[in-house]
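# Architecture and fold: a report
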Amino acid sequence: MSPPVVTTVAEVRAAVDAARADHLPVSLVPTMGALHEGHAALIRAGTGFVVVSIFVNPTQFGPKEDFAKYPRTLDADRAICAAAGASLIFAPSVDEMYPSNSFTSVEVGTLGDLLCGASRPGHFRGVCTVVLKLFNIVGPDTAHFGAKDYQQARIIGQMVRDLNVPVEVRVEPTVREPDGLALSSRNRYLNAPERAAAPAIYRALQAAHMRAHAGEVDAARLESALHAELSAIPGARVDYARVVDAYTLQPLARLDRPAVAAVAVFVGTTRLIDNVTI
Ligand code: AMP
């Protein structure tokens with residue numbers, strides 16, 4: 001059965017109150033819709049009353065980014081939510097989330113200025129602001145995010161800790177196509193040659209992972225090999241390719257602590273991100 005779709009904060013709160021009265025735990029899966037198997041895995045990871053939010057959040061897009069053309073596929077999303085066991089879909093309008101007299105936002109700090117934050121100024125301010133609002137609207141016990149957006153999950157975990165938000169953040173593994181390409185709502189922008197080239201992103205990340213396991217400890221050397229492999233992908237332009245401290249996201253000299261290799265690559269005009277932990 002397809003879960004009900006509600007569009008107002010008051011309706012979500014009433015539905016969550018009813019679930020709480022039934023002694024159900026509450027989970028939240030924040031998404032921008034155009035759902036795929038990666039989102040479905042997050043929904044399945046939820047327990048009790050699972051709320052899926054579908055909101056293309058304007059405040060996390062830059063002025064030259066794809067906010068207007070971001071795919072909006074509510075009917076297909078409902079079917080995926082139903083199959084994955086979601087209890088409620090919250091699909092608010094922009095006005096419901098950001099009434100005209102909204103002023104406040106979340107100041108992310110340095111974690112938000114690195115990697116994707118360097119290429120997308122203000123992106124994580126928008127992400128954290130909307131996610132904190134969703135936490136306050138739904139009041140979930142657990143909230144589920146994907147490892148594909150490593151920096152996002154790291155920043156949200158830090159926000160929850162820094163601002164004492166009473167929610168447990170859980171991070172689920174990246175779901176991939178059989179050829180290794182990380183599932184993404186933006187993959188549908190790729191034309192056939194771009195789609196054929198895109199799995200090389202994950203192959204380059206796996207090669208970095210293997211080099212580290214084979215004994216490479218110099219992060220700069222690992223980074224330059226990764227950059228070179230990504231640059232060789234036909235039609236690709238590397239936005240960044242970094243090997244950083246998994247916790248601080250700062251550059252590393254030696255691989256003497258948990259690290260993450262994180263990349264953003266334009267394939268044609270489509271910006272794809274991926275990462276592996278090392
Ligand atoms: P999005 O709708 O793309 O903003 O993503 C919503 C949530 O789904 C985020 O927590 C993402 O990290 C997660 N997600 C997106 N793609 C994947 C994937 N391939 N595997 C696992 N989680 C994903």
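First things first, this report covers the structure right here in the doc. (Residues numbered from 1 in each chain as written. Predicted model: local features only at pLDDT ≥ 70, side-chain atom pairs only at ≥ 80, totals over all residues. Heavy atoms only, no water.)

Turning to the side chain of threonine 142, a few remarks are in order. Mapped onto the elements, threonine 142 comes out in strand β5 (residues 142-146). A polar contact of 2.9 Å, which involves the side chain of threonine 142, links it to the side chain of serine 27. Excluding anything up to four places from it in sequence, threonine 142 contacts Val26, Ser27, Leu28, Val167, Glu168 and Arg170. (Helix = DSSP H or I, 4+ residues; strand = E, 2+ residues; numbered from the N terminus. Polar contact = N/O pair within 3.5 Å; in protein donor to acceptor, adjacent residues only side chain to side chain. Contact = heavy atoms within 4.5 Å.)

So, on to the pattern of salt bridges. Scanning all chains against the criterion turns up 15 salt bridges. The closest approach of N and O atoms between arginine 170 and glutamate 168, which form a salt bridge, is 2.7 Å. For arginine 170, a relative accessible area of 31% translates into the label partly exposed. Relative accessible area serves as the criterion here: at 40%, glutamate 168 is assigned to the partly exposed category. What you see here is one network of salt bridges that share partners, running through Glu216, Asp218 and Arg221. (Salt bridge = Lys/Arg side-chain N within 4 Å of Asp/Glu carboxyl O. Buried < 20%, exposed > 50% of the residue type's maximum accessible area, 1.4 Å probe, protein only.)

Let us now look at the sheet that holds strand β7 (residues 236-245). Strand order across the open sheet formed by three strands is β7-β8-β9, with antiparallel pairing between neighbours. Both edges of this open sheet fall to β7 and β9 (270-277), since each of them pairs with a single strand only. Across the sheet, the mean angle from the axis of one strand to that of its neighbour is 15 degrees, orientation sign disregarded. Packing against the sheet, helix α9 (residues 200-213) makes contact with β8 (259-267) and β9, and its axis sits at approximately 25 degrees to β9. (Pairing = 2+ DSSP bridges. Axes fitted to C-alpha atoms, helices over the stretch in contact; angles between N-to-C directions.)

It is the contact of helix α6 (residues 123-138) with helix α7 (residues 150-162), at a shortest axis distance of 11 Å, that shows an interaxial angle of 55 degrees. The angle between α6 and α7 falls in the class oblique. For the crossing formed where α6 meets α7, the hand is right-handed. Contact with α6, carried on its side by Phe124, Val127, Cys128, Val131, Leu132 and Phe135, involves Gln151, Gln152, Ile155, Ile156, Met159 and Val160 of α7 and no other residues of that element. Considered class by class, the residues forming the contact of α6 with α7 number 10 nonpolar, two polar and no charged. (Parallel < 35°, antiparallel > 145°, perpendicular 65-115°, else oblique. Left-handed = near helix turned anticlockwise from the far one by under 90°. Nonpolar A, V, L, I, M, F, W, Y, C, P; charged D, E, K, R; others polar.)

Bringing the pairing of β5 into the picture now. Here β5 lies mainly inside the structure; four of its five residues are buried. Two strands pair when backbone bridges link them, and β5 and strand β6 (residues 168-172) are joined in this way by five bridges, in the parallel orientation. Paired with alanine 143 across the bridge in β6 is valine 169. Considered for its hand, the β-α-β crossover made up of β5, α7 and β6 is right-handed. (Right-handed = clockwise from strand over helix to strand, strands pointing away.)

Bringing the nonpolar core into the picture now. In this structure, Val12, Val51, Phe90, Met97, Val131, Phe135 and Val138 are the most contacted members of the largest nonpolar core, which totals 46 residues. Considering each element in turn, this core owes the most residues, 10 residues, to α6. The two domains that each donate at least three residues to this core are domain 1 (5-172) and domain 2 (185-272). (Core = buried A, V, L, I, M, F, W, Y, C linked by side-chain atoms within 4.5 Å. Domains from an automatic or database assignment.)

What follows is about α9. When the terminal C-alpha atoms of α9 are compared, their 20 Å separation across 14 residues agrees well with the 20 Å that a helix rising 1.5 Å per residue should span. Three or more residues of α9 are buried, namely Ala200, Ile201, Tyr202, Ala204, Leu205, Ala207, Ala208 and Ala212. On its buried side, α9 packs onto α8 (192-197), α10 (219-231), β8 and β9. Of the residues flanking the end of α9, it is glycine 215, one or two places downstream, whose phi is positive at about 115 degrees. (Expected span 1.5 Å × (residues − 1).)

Next up on the list: the site of the ligand. Near the ligand there are 17 residues, and of these Met32, Gly146, Asp149, Val175 and Leu183 occur at the shortest range. In this structure, an oxygen atom belonging to the ligand sits 2.9 Å away from a main-chain N or O atom of methionine 32. Within the backbone of valine 175, a nitrogen or oxygen atom sits 2.8 Å from a nitrogen atom of the ligand. Isolated, the ligand exposes 490 Å² of accessible area, and the fraction of that covered by the protein chains is 94%. Listing elements by their share of the shell around the ligand, those giving two or more residues are β2 (26-31), α2 (37-45) and β5. For the shell around the ligand, the leading source of residues is α2, giving three residues. Broken down by class, the residue content of the shell around the ligand amounts to eight nonpolar, seven polar and two charged. (Near = heavy atom within 4 Å. Areas by Shrake-Rupley, 256 points an atom, 1.4 Å probe, with all protein chains shown as cover.)

The subject of this paragraph is the sheet that holds β6. The strand order β1-β4-β3-β2-β5-β6 describes an open sheet built from six strands, whose pairing is parallel. Only two strands of the sheet have a single neighbouring strand rather than two, namely β1 (5-6) and β6. Pairing geometry for strand β3 (residues 49-54) and strand β4 (residues 88-90), over three bridges, is parallel. Residue pairing across strands places valine 51 opposite leucine 88, the latter belonging to β4.

That is the geometry; function is a separate question.
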